[in-house]
Every structure is written in structure tokens, then in C-alpha cells.
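Next come the chains, spelled out residue by residue.
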Amino acid sequence: MRLRLPIGTLLVLALSACGGGVKFRPVSDTPVRIGPPYKVRGVTYTPAADPRYDMLGYATWYGNESGNQTANGERFRPDWVTGAHKTLPLPSYVEVTSLDTGQRILVRVNDRGPFGESARIIDLSRGAAELLGVRAKGKAAVRVRVVEPNERYRAALREGKAARKLPPIPERTLADLQAQFARGVGSR
């Protein structure tokens, strides 16, 4: 005996199978989550608020996780201007400066990472890496510092857009940062 179901019934059954899945948190700046210490590959990371965070290191980028859940529960969107950090509160806002060009962007941190090489201090979404001009490099020397942008720029980043065009840092400041990087992290 052959079972015949109308196409509408088949469509309803197919769509109902998609109903479970992951519940994503809405993109919001509240609550800010610091979270307990956690361990990845034998290394313990202790999240903490650090309003004076200002570090030199490497940025890498990621973009194949489209649709996955970030550490603070939001949907990862590779074209948005977001990043991942090991210990900053989620979300946080950082200014990322390319030490090759002096270009700067604002980034909303909503995920954890990068894990592995200790000199890697931030993972950028594909959109953020493109905006900063480092996507083609894969790994780039950067400065990352915590900032408190105004609500207008926060709102733009929460919608996945660039906050505003920041002027490059002055040549003298860039040269100083490059020298610090060479002494403390290594070659660019």
C-alpha cells in the first residue's frame, strides 16, 4: 500500500523538524558577562574586567563558523565587525590597530578565543579583518585596547556595521608601537 500525503503536509512535517535547534541570545550589551575561569587544551583562562587593557600581539580571523553560537550566546555572523578574546567581558568594545598600516577600527568582542599560540590576542570576524585590511595576511601584528564608544557607535556594531572611520594613528606613534612589538612579541 502506498501512502500519499499532500505536499502541504510534507512541507509542514519538514519544517517542524527544524523547530528544535539552538536558541540564540539577542544582540545586546546587557548583561555583560565575565564568567568563571575555563580550560582549553590544558590552559586555564580567567575572564576579568580590565578597562586599562592595552596589548600588542597578533590578530587572526575566522569566518567559517557562520550560524554557530558565540560564547555570549549570539549567532556568529562572519560579515559583522566582531571579535573573540580569551578573557575580556562579553561583550566588550576594543580598538584594533594594524601595526603594518596604522589603520584602526572599533570591534565588538562577543566570543572566546583565539586558543593556541599565546601571542595571538584576538580573533577577528571576516568582516572586521576586511575592514582593518588584514584578511589577506591571515595573521597580523596589532594593538588591542579596551575603549568605551558612545551609544551611536555601539548601536552600529550591534547591527553588524562599522562604527565609524577612525583616522590612522600618527607615524611617530606607529613607529613606537612597532619597536615595542619587535622587543616584546617578535617580528611582524
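Calculation notes
- Residues numbered from 1 in each chain as written.
- Predicted model: local features only at pLDDT ≥ 70, side-chain atom pairs only at ≥ 80, totals over all residues.
- Heavy atoms only, no water.
- pLDDT = per-residue confidence, 0-100.
- Helix = DSSP H or I, 4+ residues; strand = E, 2+ residues; numbered from the N terminus.
- Contact = heavy atoms within 4.5 Å.
- Buried < 20%, exposed > 50% of the residue type's maximum accessible area, 1.4 Å probe, protein only.
- Polar contact = N/O pair within 3.5 Å; in protein donor to acceptor, adjacent residues only side chain to side chain.
- Expected span 1.5 Å × (residues − 1).
- Arc of directions from axis to C-beta.

Colleague: What is the right way to look at the confidence of the model for the protein chain in this model?
Modeller: Any region with low pLDDT has predicted coordinates that should not be read closely. Summarising the model, the protein chain shows a mean pLDDT of 89, and 88% of its residues fall at 70 or more. Between the elements of the protein chain, mean pLDDT differs from a low of 46, seen in helix α1 (residues 7-16), to a high of 98, seen in strand β5 (residues 92-98). Contacts of residues 8-17 to residues separated by more than four positions or lying in other chains number 2 contacts, the stretch itself having pLDDT below 50.

Colleague: Just checking my understanding: could you explain the side chain of Arg-154 for this structure?
Modeller: Along the chain, Arg-154 turns up in helix α3 (residues 151-158). Looking at Arg-154, the relative accessible area reads 16%, which means it is buried. One polar contact links the side chain of Arg-154 to the main-chain carbonyl oxygen of Pro-149, over a distance of 3.0 Å.

Colleague: In this structure, what is going on with helix α4 (residues 171-184)? I would like to understand it.
Modeller: Since the α-helix turns once every 3.6 residues, residues separated by three or four places project in the same direction. Counted at 1.5 Å a residue, the expected span for α4 with its 14 residues is 20 Å, and the 20 Å between its end C-alpha atoms agrees. Along α4, the positions that sit buried rather than exposed are Leu-174, Leu-177, Gln-178 and Phe-181. An end-on view of α4 places all buried positions within 105° of arc, on one side of the element. Seen from the buried face of α4, the exposed residues on the opposite side, beyond 90 degrees, are Arg-172, Arg-183 and Gly-184. Each element contacted by the buried residues of α4 is listed here: β3 (54-62), β5 and β8 (139-146). In the stretch just after α4, Gly-186 is the one whose phi turns positive, near 140°.

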